[in-house]
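Single-letter residue listing:
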Amino acid sequence: MKDATREQPVSRLPKFARRLDPAISTAFACIIVLLILGSLYSASFLSPEYLLQQLKVASFLGVIATGMMVVILLGQIDLSIPWSVAVGGMMACAAAAYGPVGETLAIPFGVACGMVIGFANGIGVAYLRIPSMIITLATNAVAQGLMVVYTGGFSPQDSATITMRYLATGFLIPGVPNAVLIWAIVGAVAIFVLTRTTFGRSVYGIGNQERAAYLSGINTRRIVLIAFVSCGALSAFGGTLLAGYASKAAQSMGDSYLLPSIAAVVLGGTSILGGRGSYLGTIAGVILITLLQSILSVMQMPEAGRQITYGLVIIVMLLLYGRGPANR
C-alpha cells in the first residue's frame, strides 16, 4: 500500500507567504516598481525626506479610504466622498470663526456634518433600498448645493484652527508627522473592528450574502447604516486634516479623492462585490496611488491624464480581482 503522505504536495513557501493575498503581493510589488521608476526621473525620489513626505500625503487618502473600504466590503459604493470631505473641512473652519468655543468644537462639528451625510446615505440604502450609487450621488449634489449657498459661490474665508494645523503638519514624535500617526491610529482601530468585533464579522457576512446574513440573525439594516455613517465621518475628518494642511478649506478640496479612494481599496484586493478584503491591502493601495500621483506630477501629466489613469487602473483591477463566484 502506497504511503498517502508522499502523494500530497508540500509547499516550500513560508506560512505567512502562503496566506498572503495575491492582490496584496501584487500591490507591494507595484510599489517597488514605482519606486524604481521614480528614482529614474529624480535622484531625490528615494531619499528618506521625500519618502516621508509622500507617506504624510498618503495619510490623508488613507483616512478617507478607510471609510470607503468598509462600504465596499458591504458590496456598496459611496460617491458622496468629494463633498463629504469638503463639508468637513469647510464646516470645521466655519465653526472656528466663533471664538474659543468654536475653535474647540471645530473638528467635532466638521466630523458631525460628515456623519449627517453618511446617515442620509445609510437611511437611503438600508431602509429605503435605494441603490448606493444613486443615493450617494444625490447627497453629494445636495451637499454641494448647500455649501455653494453658504459661501455665496465664493471661496471660503474662514481659516483652520491651530489644532487642525498641528494635527496635519505638526510632529508629536520627532521625525514622524502627526498625520502619519493619525492614519496609524485609524488603521489600527479599523483592523480591530473588522477582525475582532461582531460588527466587522457582520460587514463581511453582508458583503458575502446579505440574505444569508439576515437569516442568521444579523441586523443588516443597522450594520449598513453604521458603515455609511462611519464613511461620512472619516471623509469629513480627512477634510479637516486637509484644511489644516492647507490652513483653510476649499470647495474643490474633495474632488481629487473619489477615484483614488476607490482605486486604493480595489488595488489592495478588496472585492468590489463585497465580502473579501484586508486593511493591509488598503494600506498598500494607498501608498501605491500616492506614489503613482507623485510620478505623474514629476512627469507633469495634466489632471485629465491622471483621471484617465485612475479609471484605467480601476478597470484593470476589477478584471483581475473583482470577479466573484458565479453562484454568488
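Scope of this entry: the structure provided in the associated data block.

Looking at the packing of helix H3 (residues 48–73) against helix H11 (residues 220–246)
Line of reasoning, step 1. Across the interface, H3 lies against H11 with an axial gap of 6 Å and an inter-helix angle of 160°. Between H3 and H11, the crossing angle belongs to the class labelled roughly antiparallel. Here the hand of the crossing between H3 and H11 comes out left-handed. Every residue of H11 that contacts H3 at Gln53, Lys56, Val57, Phe60, Val63, Ile64, Thr66, Gly67, Met68, Val70 and Val71 is listed here: Ala227, Phe228, Cys231, Leu234, Ser235, Phe237, Gly238, Leu241, Leu242 and Tyr245.

What to know about the side chain of Gln251
Line of reasoning, step 1. Structurally, Gln251 is set in the loop between H11 and helix H12 (258–267).
Line of reasoning, step 2. Here the side chain of Gln251 touches Phe154 through a polar contact of 3.0 Å, landing on its backbone oxygen.
Line of reasoning, step 3. Not counting chain neighbours up to four residues away, the residues in contact with Gln251 comprise Trp83, Ala86, Met90, Met147, Thr151, Gly153, Phe154 and Pro156.

Some points on a nonpolar patch on the surface
Line of reasoning, step 1. Taken together, the side chains of Ile32, Val33, Ile36, Leu37, Leu40, Tyr41, Val298 and Met299 define a hydrophobic patch exposed on the protein surface, amounting to about 770 Å² of accessible area.
Line of reasoning, step 2. For the nonpolar patch, the element with the highest residue contribution is helix H2 (residues 22–41), accounting for six residues.
Line of reasoning, step 3. With respect to the element layout, Ile36 can be found in helix H2.

Some thoughts on unusual backbone geometry
Line of reasoning, step 1. Unlike most non-glycine residues, Arg129 shows phi in positive territory, near 60°.
Line of reasoning, step 2. Along the chain, the position of Arg129 falls in the loop between helix H5 (99–127) and helix H6 (132–151).
Line of reasoning, step 3. The phi torsion at Ser247 lies on the positive side, around 75°, for a residue other than glycine.
Line of reasoning, step 4. Mapped onto the fold, Ser247 is located in the loop between H11 and H12.
Line of reasoning, step 5. On the accessibility criterion, Ser247 (31% relative accessible area) is partly exposed.

Calculation criteria
- Residues numbered from 1 in each chain as written.
- Predicted model: local features only at pLDDT ≥ 70, side-chain atom pairs only at ≥ 80, totals over all residues.
- Heavy atoms only, no water.
- Axes fitted to C-alpha atoms, helices over the stretch in contact; angles between N-to-C directions.
- Helix = DSSP H or I, 4+ residues; strand = E, 2+ residues; numbered from the N terminus.
- Parallel < 35°, antiparallel > 145°, perpendicular 65-115°, else oblique.
- Left-handed = near helix turned anticlockwise from the far one by under 90°.
- Contact = heavy atoms within 4.5 Å.
- Polar contact = N/O pair within 3.5 Å; in protein donor to acceptor, adjacent residues only side chain to side chain.
- Patch = residues over 30% accessible without salt bridge, like charges linked within 9 Å, V, L, I, M, F, W, Y side chains within 5 Å.
- Areas by Shrake-Rupley, 256 points an atom, 1.4 Å probe, with all protein chains shown as cover.
- Salt bridge = Lys/Arg side-chain N within 4 Å of Asp/Glu carboxyl O.
- Buried < 20%, exposed > 50% of the residue type's maximum accessible area, 1.4 Å probe, protein only.

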